[in-house]
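# Structure assessment
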Amino acid sequence: MPHPDKVSVGKYDLKHSVRHDPQGVSCSVTRRRNLLTLIVATAALCTAAFAQYSADKPLGASAQSTPAYLKNAGIDQNLNHTLPLTDHFRDERGNDVTLGSYFGHRPAVMALVYFKCGMLCPQVLHGMGASLKQTGLHLGHDYDVIVTSIDPTDTPADTVEAKQHFLMMLGDASAANNVHFLTGQQPSITDLAQATGFHYVRVPGPDGKMDQFAHSSVIMIATPDGRMSKYLSGVEYQPRDVRLALVEASDHKIGSFSDLVLIYCCNYSPSQGRYTVAIMRVLGLAAMGSVLMLALVVYLLGKKPKVAV
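Described below are features of the structure shown in this document. (Residues numbered from 1 in each chain as written. Predicted model: local features only at pLDDT ≥ 70, side-chain atom pairs only at ≥ 80, totals over all residues. Heavy atoms only, no water.)

### With respect to the side chain of Thr-196
Relative to the assigned elements, Thr-196 resides in helix α5 (residues 186–196). Thr-196 sits in the buried class, given a relative accessible area of 0%. Within the structure, Thr-196 has its side chain in polar contact with the backbone oxygen of Leu-192 (distance 2.9 Å). At 3.2 Å, the side chain of Thr-196 and the backbone oxygen of Ala-193 are in polar contact. The residues contacting Thr-196, other than those within four sequence positions of it, are Asp-76, Asn-78, Leu-83, Leu-112, Met-220, Met-228 and Tyr-231. (Helix = DSSP H or I, 4+ residues; strand = E, 2+ residues; numbered from the N terminus. Buried < 20%, exposed > 50% of the residue type's maximum accessible area, 1.4 Å probe, protein only. Polar contact = N/O pair within 3.5 Å; in protein donor to acceptor, adjacent residues only side chain to side chain. Contact = heavy atoms within 4.5 Å.)

### Concerning the sheet that holds strand β10 (residues 218–222)
Strand order in the open sheet formed by five strands is β7-β6-β5-β10-β11, with mixed pairing between adjacent strands. Both edges of this open sheet fall to β7 (179–182) and β11 (228–233), since each of them pairs with a single strand only. Across the sheet, the axes of successive neighbouring strands diverge by a mean angle of 20 degrees, strand direction being ignored. Bridge count for strand β6 (residues 144–149) against β7 is four bridges, and the pairing is parallel. Residue pairing across strands places Thr-148 opposite Leu-182, the latter belonging to β7. Sheet contacts for helix α3 (residues 120–133): β5 (108–113), β6, β7 and β10; angle to β5, the most-contacted strand, approximately 165 degrees. Contacts from α5 reach β5, β6, β10 and β11 within the one sheet, and its direction differs from that of β5 by about 120 degrees. (Pairing = 2+ DSSP bridges. Axes fitted to C-alpha atoms, helices over the stretch in contact; angles between N-to-C directions.)

Have a look at this one:
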């Protein structure tokens with residue numbers, strides 16, 4: 001006769017704390033079956049979730065993927081490409097000007113933004129102003145600044161406040177004649193964007209209207225004759241990189257001897273949008289210096305001492 005505290009289920013014996021209570025035994029068995037079912041279901045869900053990831057699609061890949069609309073808002077570095085110098089724009093006073101009227105004498109630091117932007121564009125202009133202030137070069141003597149809107153609905157009136165804020169960051173109100181904030185019609189904007197490789201797309205704003213733009217954060221350096229020379233990415237730009245880019249764009253007509261040495265020891269990396277140290281060149285200079293020092297020591301040691309009379 002089975003023990004009163006045991007109930008056989010299949011080949012397993014289940015013990016219960018309640019004596020002689022068939023209903024309690026049934027509930028206990030049901031709970032165990034439900035728990036087993038829950039464990040199996042959980043394992044199946046975890047397996048299915050883990051199966052969505054592989055070595056080529058690590059955890060977090062979905063969250064880190066770039067939105068589709070941003071894939072058309074990048075930068076093509078059209079180095080040495082000529083700008084559309086004959087295209088017409090309007091300056092902050094509303095005057096009709098050609099882009100070429102700002103070239104011919106000095107290199108230019110350029111940025112493409114839109115003046116109704118409340119997010120990325122002010123950061124680009126702030127970073128550009130803060131960097132130029134620390135380059136040691138003189139605005140109007142060594143370079144000019146050209147900021148152009150990509151929004152055809154921007155007007156000269158929209159540029160006034162942006163230019164004043166930019167001049168405040170530079171701390172040099174006398175440089176106003178060499179800082180140019182431009183607006184234009186769509187054909188001129190398109191020509192300039194294509195020439196610089198600056199791609200952007202319209203996106204909806206918080207109100208759902210298509211009045212915002214997705215674009216890259218970058219400043220560009222152009223040569224005095226209006227050719228693209230360097231692209232510096234980000235919203236903070238190293239003053240050293242900006243200075244070297246301007247010196248190179250000017251064909252070394254500005255800057256100092258130390259700038260030329262630094263340019264020799266550094267390489268411009270288009271993929272990174274900045275200057276990096278050229279290790280082999282630095283080692284080559286160090287080797288040359290060591291050889292010269294050794295030759296000097298040998299020469300000095302080989303000199304015959306003067307005999308005192």
